[in-house]
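Summary of structural features
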Amino acid sequence: MRSLYIIRGPLCRSPLARPPHIIKRHKFSGRTTPADKRKAYSLPSTPARTRFAPSPTGYVHIGSLRTALYNYLLAKATGGQFVLRVEDTDQARTVSDAEPRLYEDLKWAGLSWDEGPDVGGPYGPYRQSDRLETYTKYAAQLIDEGHAYRCFCTAEQLDEMRTISMREGNPTVYNGTCIPIPPDVSARRAANGEPHCVRFRCDHAPVVNDLVYKAYAKPGPEDDFIIIKQDGFPTYHFANVVDDYLMKITHVIRGAEWLVSTPRHVALYEAFGWTPPQFAHVGLLVNKEKQKLSKRHGDVDIASWRDRGILPVTLLNYVMLLGWSFGIGVKGRDEVMSLNEMVSKFDLRFTKGDIIVNEKDKFLQKEHIKRLARAGDPASFTSVLLPPVEAQIRKHQADLQEYIRTRGEAGGPVARRVGPMVPLARPRPREEVEEDDGDVVSRCYVKNLLRLDIQQYKDAASFVLRNKYSIWTIRPLAYREALRRETAGILALSTIPHVNPSAPRAAAPPPETPRTIPELVALLRDVVRGVGDGRWEVRAIRKAVMGLLTSVHARTRTQRELGGGAATTVVDTERWGFALARWILAASEPGPNVYCTMELLGKEETMRRIDVAYEIAIEEETRSRAEGGGGE
């Protein structure tokens, strides 16, 4: 009704003379707050100090990478600082190489930090095991002020309390046995070495103001939780509060699984008289069965993504969209972003609720590969993709050697279809190259292959499978199977000379010369042999062979559906020269175009493949005649 009074007032008076103007849409919105009020998901107007504080009890996984990314983006988008802190208070579960792997994985992903254990900073040390005196000091402060107390209960006593509470149907919280112990008695028992922990006296559970979940109140009573364990190390709940305050952290973005613990953290802030940071708890990542992803589950380990040959920017882009979005209507290529674009577009528009991990990484990988290819700088992708591709080649080479050693009794499907490595793909002696050329395959050769086929790159495994015949030679079996597959349905082959469309029309069509596959292979061999060794590059190869390839035609017979279950046989004529070249060079498998493939393989290997293909074609023609086939 208030808006009616606003409108009614002017109607009681004569309208004032005003110049004509366009009335803004918001004038009729009925807002009772200023139109320029900041939206809930807007970035803070002052620089944010954020942190990523992993525990070295496992390796970085996509959930923790997402947490690191969101905190990084908030800091960079506001001109603030991003802090890396290692929370290694759980000494029993610490993995020895987890911390160095943490640095390695984050740097590979493209994230850097302004402060941390390895780079230092004004609020260090940044490893919690190096800050034990600080936690002891602040725990003593809470004890002195009556907000905490020492607990001398044994594990057996605690188990008995828990059993009684469960039997009586009560919450399994600490019953306060050690609260009545006088402070001087407690201090004396501790000084005498009696095992104890320190508990926070939590008489209420504060309401948490969260940027995603708004006002959150924990259901059920809060426990007098432990802040210092018997081994003298702080618990996560205590250490992260002390560290966030002393390191001047302004915003904490983390997974929603920590929301239930945040009332404890706010209670600690209140006890110290400190202002808590702003919290944002983002949706929990779950699999298709809606089970929580674990950092100790190998298939979500960041290293597994790197080893598969996924681009770092693809992975960052992928995890960013697992819990954050532009809003309604923005999909597809608009979601493809570089790290700088992520910074510029970032806000606090997080998703509430569980997030099922999807397969959008495949689309993003394809789009980022396209971006790199358009940039035209091979170094921008070969440095990242070379190691996983080399690893895949090394794996298949070992498999091939096992196949040869066991005379075919062992070895995978690739080993059964390839022969020795292509000569140019073999590592060159160190004295012939300026840098290390690899132990199994020539790095220079693989870089060239990546450059030629980068548009089709998905991951390292599929790339090597797709280009296996550019890396290894082709076994006769693969040639035979491919030829039979490619010639099925072909009625006849011929060469038809190319006619220049701009030339005057001839009275009669150009003559068509019937051909066999051996004849066509022999023609190609003669043409390729004429390309000089010093001119073996794409332009010269194309000029030499294009005329022949475009002149080869095949008359084919196919079945075409007419509808209603009916079908008819259709005879078509189509160009077949490039299919022939693809069979000769790669047993009809996909890969770079035939001119680039010939340049990559080198003249010697190209001629060898033509010779092998010729022999196979002769054998197949002889077999076909013996079986009574061939021709119309």
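Going by the structure above, here's the rest.
Model, not experiment: these values are computed from the prediction. (Residues numbered from 1 in each chain as written. Predicted model: local features only at pLDDT ≥ 70, side-chain atom pairs only at ≥ 80, totals over all residues. Heavy atoms only, no water.)

1. As for the overall build of the protein
Scanning the protein from N- to C-terminus turns up 22 helices and 17 strands. Counting over 632 residues, the protein shows a buried share of 45%. Of the contacts made within the protein by residues no fewer than 6 positions apart, 74% connect residues no fewer than 24 positions apart. Roughly 33,400 Å² of accessible area belongs to the protein as shown, and the carbon and sulfur atoms make up 52% of that amount. (Helix = DSSP H or I, 4+ residues; strand = E, 2+ residues; numbered from the N terminus. Buried < 20%, exposed > 50% of the residue type's maximum accessible area, 1.4 Å probe, protein only. Contact = heavy atoms within 4.5 Å. Areas by Shrake-Rupley, 256 points an atom, 1.4 Å probe, with all protein chains shown as cover.)

2. Looking at the packing of helix 4 (residues 132–144) against helix 8 (residues 262–272)
Their axes nearest at 11 Å, the elements helix 4 and helix 8 cross at an angle of 70°. Taken together, the axes of helix 4 and helix 8 are roughly perpendicular relative to one another. Every residue of helix 8 that contacts helix 4 at Tyr138, Gln141 and Leu142 is listed here: Leu268, Ala271 and Phe272. Per-class residue counts for the contact of helix 4 with helix 8 are 5 nonpolar, 1 polar and no charged. (Axes fitted to C-alpha atoms, helices over the stretch in contact; angles between N-to-C directions. Parallel < 35°, antiparallel > 145°, perpendicular 65-115°, else oblique. Nonpolar A, V, L, I, M, F, W, Y, C, P; charged D, E, K, R; others polar.)

3. Focus: the sheet that holds strand 7 (residues 226–228)
Taken together, the 3 strands give an open sheet; going across it, the order is 3-4-7, and neighbouring strands pair in antiparallel fashion. Edge positions in the open sheet fall to strand 3 (148–151) and strand 7, since each of these has one partner strand only. Across the sheet, the axes of successive neighbouring strands diverge by a mean angle of 40°, strand direction being ignored. Here strand 4 (residues 197–200) runs beside strand 7; their pairing, made up of 2 bridges, is antiparallel. Bridge pairing in strand 7 links Val198 to Ile228. (Pairing = 2+ DSSP bridges.)

4. A few points about helix 3 (residues 98–109)
Under the 1.5 Å per step criterion, the end-to-end length of helix 3 is 16 Å for 12 residues, consistent within 8% with the ideal 16 Å. When you tally the buried positions in helix 3, you get 9 out of 12 residues, the bulk of the element. Within helix 3, the full set of buried residues consists of Ala98, Glu99, Arg101, Leu102, Tyr103, Asp105, Leu106, Trp108 and Ala109. Those residues of helix 3 that are buried lie in contact with strand 1 (49–52), helix 2 (62–77), strand 2 (81–84), helix 9 (302–307), helix 10 (312–320) and helix 13 (379–405). (Expected span 1.5 Å × (residues − 1).)

5. Some remarks on the pairing of strand 17 (residues 566–575)
Taken together, the 10 bridges between strand 16 (residues 552–563) and strand 17 define a ladder with antiparallel strand orientation. Looking across to strand 17, one finds that Gln559 is bridged to Thr569. The hairpin formed by strand 16 and strand 17 contains 2 residues between the paired strands, and Gly564 there has a positive phi angle of roughly 70°.

6. A few points about the sheet that holds strand 14 (residues 490–495)
On the basis of which strands lie adjacent, the open sheet formed by 4 strands has the order 15-14-16-17 and antiparallel pairing. With one partner strand each, in any of the chains shown, strand 15 (513–515) and strand 17 form the two edges of the open sheet. Ignoring which end each strand starts from, the neighbouring axes of this sheet average 40° apart.

7. Regarding the packing of aromatic side chains
Applying the stated rule across the entire model yields 20 aromatic pairs. With 6.5 Å between their ring centres and 25° between their planes, Tyr149 and Tyr174 make a pair best called stacked. With a gap of 25 residues between them, Tyr149 in strand 3 and Tyr174 in the loop between helix 5 (155–167) and helix 6 (183–191) connect regions that are remote in the sequence. Exposure remark for Tyr174: the relative accessible area of 9% places this residue in the buried category. On the numbers, 4.1 Å between centres and 10° between planes, the contact of Phe272 with Trp274 is stacked. When its relative accessible area of 9% is taken as the criterion, Phe272 is described as buried. Classification of Trp274 by relative accessible area gives buried; the value is 12%. (Phe/Tyr/Trp six-rings, centres within 6.5 Å; stacked < 30°, edge-to-face > 60°.)

8. Some remarks on empty space enclosed by the protein
Considering all chains together, one arrives at 1 cavity of 30 Å³ or more under this definition. In this structure, the largest cavity encloses a volume near 40 Å³. Lining the largest cavity are Arg466, Asn467, Tyr469, Ser470, Arg582, Ala586, Glu589, Pro590, Gly591, Pro592 and Thr597. Contributions of two or more residues to the lining of the largest cavity are made by helix 16 (468–471) and helix 20 (577–586). Split into classes, the residues belonging to the lining of the largest cavity amount to 4 nonpolar, 4 polar and 3 charged. (1 Å grid on protein atoms, 1.4 Å probe; cavity = no way out; pocket = protein on both sides within 12 Å on 5 of 7 lines; lining within 4 Å. Points joined across faces, edges and corners; volume = space filled by probe spheres on them.)

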